[in-house]
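What follows is the residue order along each chain.
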Amino acid sequence: MAQLEHVNITVSDPKKTAAMLSDLFGWHTRWEGSAMDGLGYTVHVGSDQSYIAVYSGSDPAQTVPKADASYQTRGGLNHIGVVVDDLDATEAKVKALGFVPTSHADYEPGRRFYFHDADGVEIEVISYQ
């Protein structure tokens, strides 16, 4: 059976984003360094089985206005889902980092909430316990 190895997202500060993801989810940096022929920088953060590559191009200040159109844009990133053992403890960490948890829901077979990180990336946090 195939498994997802990684996703790659563009962020303003790969080291800061990787540190946030490590703090929230207990992940570690697998690799970091120059990317795209030296025009960018990437940090691979996750577990030994899978990771998120957080990438910044040569000009981290360069942005494209985002009116949260990802759900209407083909190829847009809608959100990243992460399963945790303790949803309440993770939510406390999310709040301590200054992010606002939203869209709480209990559903079969678990519970979830969402938050947007400093770059506007939506992260869904799920627990099946």
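Residues numbered from 1 in each chain as written. Predicted model: local features only at pLDDT ≥ 70, side-chain atom pairs only at ≥ 80, totals over all residues. Heavy atoms only, no water.

**Q** Sorry, what's going on with the pattern of salt bridges here?
**A** In the structure shown here, the tally under the stated rule is three salt bridges. A salt bridge links Arg111 to Asp88, with the shortest nitrogen-to-oxygen separation between them at 2.8 Å. Pair noted here: Arg111 is in strand β7 (residues 110-116) and Asp88 is in helix α2 (residues 87-96), with a separation of 23 residues, a long-range link. Taking relative accessible area as the criterion, Arg111 reaches 30% and is therefore assigned partly exposed. Measuring nitrogen to oxygen at the nearest pair gives 3.7 Å for the salt bridge that ties Arg111 to Asp106. For Asp106, a relative accessible area of 64% gives the class exposed. Taken together, the shared-partner salt bridges in this structure form one network comprising Asp88, Asp106 and Arg111. (Salt bridge = Lys/Arg side-chain N within 4 Å of Asp/Glu carboxyl O. Helix = DSSP H or I, 4+ residues; strand = E, 2+ residues; numbered from the N terminus. Buried < 20%, exposed > 50% of the residue type's maximum accessible area, 1.4 Å probe, protein only.)

**Q** What am I meant to see in the sheet that holds strand β3 (residues 40-46) here?
**A** Backbone-to-backbone hydrogen bonds join strands into a sheet, with any given pair of strands oriented parallel or antiparallel. Taken in spatial order, the four strands line up as β1-β4-β3-β2 in an open sheet, and their pairing is mixed. Looking at which strands have only one partner, the edges of the open sheet turn out to be β1 (6-10) and β2 (28-35). When the angles between neighbouring strand axes are averaged without regard to direction, this sheet yields 20°. Where β2 meets β3, seven bridges bridge the pair, whose relative direction is antiparallel. Paired with Trp31 across the bridge in β3 is His44. Sheet strands in contact with helix α1 (residues 14-25) are β2, β3 and β4 (51-56), and its direction is about 5° off that of β3. (Pairing = 2+ DSSP bridges. Axes fitted to C-alpha atoms, helices over the stretch in contact; angles between N-to-C directions. Contact = heavy atoms within 4.5 Å.)

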